[in-house]
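# Chain and residue survey
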Amino acid sequence: MNFTGAHILSIAQFERQDIDLLFRTADLMEPYAQRKRMTRVLEGAILGNMFFEPSTRTRISFGSAFNLLGGEVRESVGSESSSLVKGESLEDTARVLSGYSDVICMRHPREGSVEEFAKASRVPVINGGDGSNEHPSQALLDLYTIERELSAKHRSIDGLRIAMIGDLKYGRTVHSLCKLLSLYRNVTVVLVSPQELAMPEEYLQALREAGHRVIVTDQLEASISNVDIVYSTRIQEERFLDRQQADLYRGRFRLNSAIYTQHCEPNTVIMHPLPRDSRAEANELDKDLDDNPNLAIFRQTDNGLIVRMAMFALILDVAHLVETYSRDVRWHNPRTQS
Ligand code: NCD
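The numbers attached to residues start from 1 for each chain and follow its sequence in the written order. Side-chain atom pairs in this predicted model are given and counted only at pLDDT of 80 or more, local residue features only at pLDDT of at least 70, and totals for whole chains, interfaces and linings cover all residues. Only hydrogens and water are set aside; all other atoms, that is, all heavy atoms of the structure, feed into the side-chain values.

### Observations regarding the overall build of the protein chain
What counts, and what does not: Runs of E in the DSSP output that reach at least two residues are strands. Runs of H or I that reach at least four are helices, and both are numbered from the N terminus. Just to be clear, the radius of gyration here is over C-alpha atoms, and the globule rule we use is 2.2 Å times residues to the power 0.38. Remark: exposure states derive from per-residue accessible area (1.4 Å probe, protein chains only) relative to the maximum for the residue type, with buried under 20%, exposed over 50%, and partly exposed in between. A contact between two residues is defined here by any heavy atoms of the two lying within 4.5 Å. Each accessible area is a Shrake-Rupley estimate made with a 1.4 Å probe; only the visible protein chains count as cover when residues are assessed. Two residue types count as positive, namely Lys and Arg, and two as negative, namely Asp and Glu; His and chain ends fall outside the count. Charged groups are reduced to one reference atom each: NZ for lysine, CZ for arginine, CG for aspartic acid, CD for glutamic acid.
Of regular secondary structure, the protein chain possesses eleven helices and eleven strands. For the protein chain, whose C-alpha radius of gyration is 20 Å, the value lies close to the compact-globule estimate of 20 Å for 338 residues. The C-alpha extent of the protein chain, read off along each of the three principal axes, is 55 × 50 × 40 Å. The buried share of the protein chain, reckoned over its 338 residues, is 56%. Of the contacts formed within the protein chain by residues at least 6 apart in sequence, a portion of 76% connects residues at least 24 apart. Of the roughly 14,900 Å² that the protein chain leaves accessible, carbon and sulfur atoms contribute 48%. Counting 39 positive and 47 negative side-chain charges, the protein chain places the averaged centre of each group 4 Å from the other.

Here's what the structure looks like:
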């Protein structure tokens, strides 16, 4: 694909060489994300951050990534405060907002809505999650994290063994991740969920067409014993009719230190797109794992920043200029203090 000016709506747009370009660009962003250097390469550009559904990390991460490249961010949060409640169509909103912005990130509760919005936008649109459909930037930062975690063990994504656990029906991050893994070779994917929340057929098909080994199960402990990565997810309560329906599944698959130690191979990496549901009745990833060095959840969020910086740099065609418009950071950097 050609990144310049492109919408990022689905993982289906990507080929493996695109992922390589994105990830190698992300590597270059790290000193800027860590405030070792600063760059103004996007000076004068405006990101429209439109989040019509709850978000903390995705929204702030996109906004911070844009700021770190020197751009400005304008936000609209929640549909109650937008003109959509006055009956405005997504198309009109897109036409208007693309007059204010150079790139737009959008999250919306309805599947396909971001694509609809993108058709009427005059600037590139990045899908920050459309209902239970896709969340491409999350899958990209997840795969970047997987690549880094494995490369520390001299392994690559080809040959990966991963267990995805929880709400695989409504979890958009695992949908995008399955599509992404279909670009690689010889992957084993163990899909652990209650039968009612199983991975939809189209994603299973993508994995099978790629020649991957796919195991569908509702047994947690046997599934985590032979994998490199355990990827836990939250029950997507907001997609259920009511809280009681979600309660039927909440807390079904819990990973804690005792289960990890008993069943996982040493150094199995633990991931989660976050937020983890830490309420006692859910607790899919226990806090007693927080001191485990294999818990990669905060490395995922850190990596999210650099992957999103790389997306902006490629879409706005400034990746090759970042260094030119950079300088040292003048202010005290608290991260460098021990
Ligand atoms: C995920 C999402 O919104 O799909 N969160 C995120 O963006 N990191 C996962 C979730 O909400 O469970």
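### A closer look at the site of the ligand
Test applied: By convention in these notes, a residue is near a molecule or strand provided one of its non-hydrogen atoms lies within 4 Å of it. Think of a polar contact as two N or O atoms within 3.5 Å of one another; within protein, one of them needs to be a possible hydrogen donor and the other a possible acceptor, and neighboring residues in sequence only count if both atoms come from side chains. Following the grouping adopted for this structure description, the nonpolar residues are Ala, Val, Leu, Ile, Met, Phe, Trp, Tyr, Cys and Pro, the charged ones are Asp, Glu, Lys and Arg, and the polar ones are all others, Gly among them.
Close to the ligand lie R57, T58, R107, H135, Q138, R172, T173, R234, Q236, P273, L274 and P275. Within the side chain of H135, one N or O atom sits 2.8 Å away from an oxygen atom of the ligand. Separating a nitrogen atom of the ligand from a side-chain N or O atom of Q138 is a distance of 3.1 Å. In isolation the ligand has 310 Å² of accessible area, and contact with the protein removes 95% of it. Broken down by secondary-structure element, the contributors of at least two residues to the shell around the ligand are α2 (57-68) and α6 (172-181). Tallied by class, the residues present in the shell around the ligand amount to three nonpolar, five polar and four charged.

### Some words on the pairing of strand β2 (residues 46-51)
For clarity, the cut-off: Should DSSP find at least two bridges between two strands, the strands are regarded as paired. Orienting the strands away from the viewer, one traces the path from the first strand over the helix to the second; a clockwise path indicates a right-handed crossover.
Burial analysis of β2 places five of its six residues in the buried class, which makes it a mostly covered element. Sheet analysis places β2 next to strand β3 (residues 72-77), joined by six bridges and oriented parallel. In the strand pairing of β3, M50 is matched with S76. Remark: the β2/α2/β3 crossover connection has right-handed handedness. In this structure, β2 lies alongside strand β4 (residues 103-108), joined through five bridges in parallel fashion. By the bridge assignment for β4, G48 is matched with I104.

### Examining the nonpolar core
Here is the rule: Within this scheme, the nonpolar core is defined by two criteria: the residues are buried Ala, Val, Leu, Ile, Met, Phe, Trp, Tyr or Cys, and they are joined through side-chain atoms within 4.5 Å. Domain start and end points were adopted from an automatic or database domain assignment.
One finds I162, M164, L181 and F312 to be the most contacted residues of the largest nonpolar core, which totals 68 residues. Looking at this core element by element, the count peaks at ten residues for helix α11 (residues 297-315). When we break this core down by domain, the ones giving at least three residues each are domain 1 (11-133 + 303-336) and domain 2 (136-298). Those residues within four positions of L181 in sequence are excluded, and the remaining contacts are L143, I157, L160, I162, M164, V187, V189, L207 and H212.

### Observations concerning empty space enclosed by the protein
Worth spelling out the cut-off: For cavity detection a 1 Å grid was placed over the protein atoms alone, and a set of points counts as a cavity when a 1.4 Å probe fits there but cannot get out; an open set counts as a pocket when protein lies on both sides within 12 Å along at least five of seven lines, with lining residues being those that have an atom within 4 Å of a point. Grid points are joined across faces, edges and corners, and a volume is the space filled by probe spheres set on the points.
Counted by the stated rule, this structure contains one cavity of 30 Å³ or more. One number sums up the size of the largest cavity: a volume of about 70 Å³. Lining the largest cavity are I165, G166, S232, T233, I235, Y249, R250, G251, R252, F253, A282 and E284.

### Observations regarding the environment of V73
Structurally, V73 is set in strand β3. Taking the C-alpha atoms as reference, V73 lies 9.2 Å from F62; in sequence the two are eleven residues apart. If we ignore the near neighbours within four places in the chain, the residues touching V73 are L47, N49, G63, F66 and N67.

### Remarks on the packing of α6 against helix α7 (residues 201-209)
Filter applied, for reference: Helix axes are fitted only over the stretch in contact, all axes being lines through C-alpha atoms; the angle between N-to-C directions runs from 0 to 180 degrees. When an angle is under 35 degrees it counts as roughly parallel; over 145 it counts as roughly antiparallel; between 65 and 115 it counts as roughly perpendicular; any other value is oblique. Note on convention: the crossing is left-handed when the near helix lies turned anticlockwise from the far helix by less than a right angle, right-handed when the turn is clockwise.
Axis separation between α6 and α7 bottoms out at 8 Å; the angle between their running directions is 20°. As far as their axial angle goes, α7 and α6 are roughly parallel. The two elements α6 and α7 cross, and the hand of that crossing is left-handed. Between α6 and α7, the residues in contact are H175, C178, K179 and L181 and E202, Y203 and L207, respectively.

### Here's the deal with the packing of aromatic side chains
Heads up, the condition is: What counts as a ring pair is set by centres within 6.5 Å for rings of Phe, Tyr and Trp (its six-membered ring), and what kind of pair is set by the plane angle: stacked under 30 degrees, edge-to-face over 60, tilted for all other angles.
Taken as a whole and assessed by the stated rule, the structure comprises six aromatic pairs. Pairing F23 with Y144 gives two aromatic rings, centres 5.1 Å apart and planes at 75°, and the pair type is edge-to-face. On the criterion of sequence distance, the pair formed by F23 in helix α1 (residues 16-33) and Y144 in helix α5 (residues 136-151) is long-range, its members being 121 residues apart. Accessibility expressed as a relative area gives 0% for F23, which makes it buried. Classification of Y144 by relative accessible area gives buried; the value is 0%. With centroids separated by 6.0 Å and ring planes inclined at 35°, the aromatic side chains of F240 and Y249 adopt a geometry described as tilted. What makes Y249 buried here is its relative accessible area of 11%.

### Things to note about the pairing of strand β6 (residues 161-165)
The buried count for β6 comes to four of five residues, which makes it a mostly enclosed element. Bridge count for β6 against strand β7 (residues 188-192) is five bridges, and the pairing is parallel. Pairing of M164 across the sheet is with L191, part of β7. Taken together, β6, α6 and β7 constitute a β-α-β crossover, and its handedness is right-handed. As judged from the four bridges shared by β6 and strand β9 (residues 229-232), these two strands associate in the parallel manner. The partner of A163 across the bridge, within β9, is V230.

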